[in-house]
Amino acid sequence: ETGEVEIEVEDGGQQKFSSISEEPVDGLFEGVLRRHHAFEIGQPYDVRLSELTSQRTLSDGIIQSTHFVAACTPQGMALTQKIVAGAPRLITVGFGINTDRGLMARSSWKNTRLDARGTKLDVGAKAWFRNGDIWGQELSLGTEWYVLPRPSRFFLQPGISLKHESQVKFRTLVGRASLT
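Each chain carries its own residue numbering, running from 1 in the direction its sequence is written. Only residues with pLDDT of 70 or above have their local features reported here, since the model is predicted, and side-chain atom pairs are shown and tallied only from 80 upward, although totals for entire chains, interfaces and linings are computed over all residues. Excluding hydrogens and water, the side-chain figures rest on all heavy atoms present in the structure.

Enquirer: Help me out: how do you make sense of the overall build of the protein in this one?
Expert: Helix and strand content of the protein: 1 helix and 9 strands. Secondary structure is summarised from DSSP: a helix means a run of H or I of at least four residues, a strand means a run of E of at least two, and numbering begins at the N terminus for each. Ordered by position from the N terminus, the helices and strands of the protein form the series β-α-β-β-β-β-β-β-β-β. Here the C-alpha atoms of the protein give a radius of gyration of 24 Å, more than 25% beyond the 16 Å that 2.2 N^0.38 yields for 180 residues. Considered along the principal axes of its C-alpha atoms, the protein spans approximately 85 × 55 × 25 Å. Counting all 180 residues of the protein, 27% fall into the buried class. It only takes one pair of heavy atoms within 4.5 Å for two residues to be counted as in contact. Within the protein, contacts between residues separated by at least 24 positions form 44% of all contacts whose residues are at least 6 apart in sequence. The size measure is the radius of gyration over C-alpha atoms, and the globule rule it meets is 2.2 Å times the number of residues to the 0.38 power. Partly exposed residues are those whose accessible area sits between 20% and 50% of the maximum for their type, while under 20% is buried and over 50% is exposed, using a 1.4 Å probe and protein chains only.

Pasting the structure below:
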């Protein structure tokens, strides 16, 4: 038997971002994660903007996982940001071989929630050795320091590094300090 199916669709028009709520993260001020938002309340809803916001937040490293749950309401699109905070500290260790420097080792310690504003601290060390003729070490310390008392995108980025390299009959020692 054959039949006919008729579907009627009513377009409700484009929704706007109407509200955004986020799950609290222990140790962070409310609203700190808003510095990654790619949208504002009242602008037309575009799912790509909420996906971009999630990518920015994850790239920053301040939390381990995040995504948005959207719900249509009479006022517009209401978003809830779901969060898995994870530990604020990350330790990485790596080993490898490079044609310039030979055997290499790298390690770092990072704290992505040093204070309630989401200030980050990163300490790193590198070492390399090649054929007994070339070797070196590098130490670095850097931070993204959110200095304003309220959640903001503004931060200072002080850093310092010290590098020592030794080659046949040639040795360098370089120190750098920066503030951006």
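Read on for the rest.
Enquirer: Help me understand the sheet that holds strand S2 (residues 65-73) in this model?
Expert: The pairing of strands in a sheet comes from backbone hydrogen bonds and takes either a parallel or an antiparallel form. The criterion for strand pairing is that DSSP finds at least two bridges linking the strands in question. Judged by pairing direction, the sheet is mixed, and its 3 strands sit side by side in the order S1-S3-S2 without closing on themselves. Two strands bound the open sheet, and with one partner strand each, they are strand S1 (17-22) and S2. Taking the axes of each pair of neighbouring strands and ignoring which way they run, one obtains an average angle of 20° across the sheet. Fitted lines through C-alpha atoms serve as axes, helices being fitted only where they are in contact, and the angles separating the N-to-C directions of these axes extend from 0 to 180 degrees. Against the sheet, helix H1 (residues 47-60) makes contact with S1, S2 and strand S3 (76-84), and its axis sits at roughly 160° relative to S2, the strand it touches most.

Enquirer: Could you clarify how one ought to interpret the sheet that holds strand S7 (residues 134-144) in this entry?
Expert: In space, the 6 strands of this open sheet follow the order S4-S5-S6-S7-S8-S9, with antiparallel pairing throughout. For this open sheet the edge positions go to strand S4 (89-98) and strand S9 (170-179), each flanked by a neighbour on one side alone. Neighbouring strand axes in the sheet, compared pairwise and without regard to direction, differ in orientation by 5° on average. In this sheet, strand S6 (residues 120-130) lies alongside strand S5 (residues 102-111) in antiparallel orientation, the contact comprising 9 bridges. From the neighbouring strand, asparagine 111 faces S6, where its bridge partner is leucine 121.

So yeah, pure geometry; function would need other evidence.
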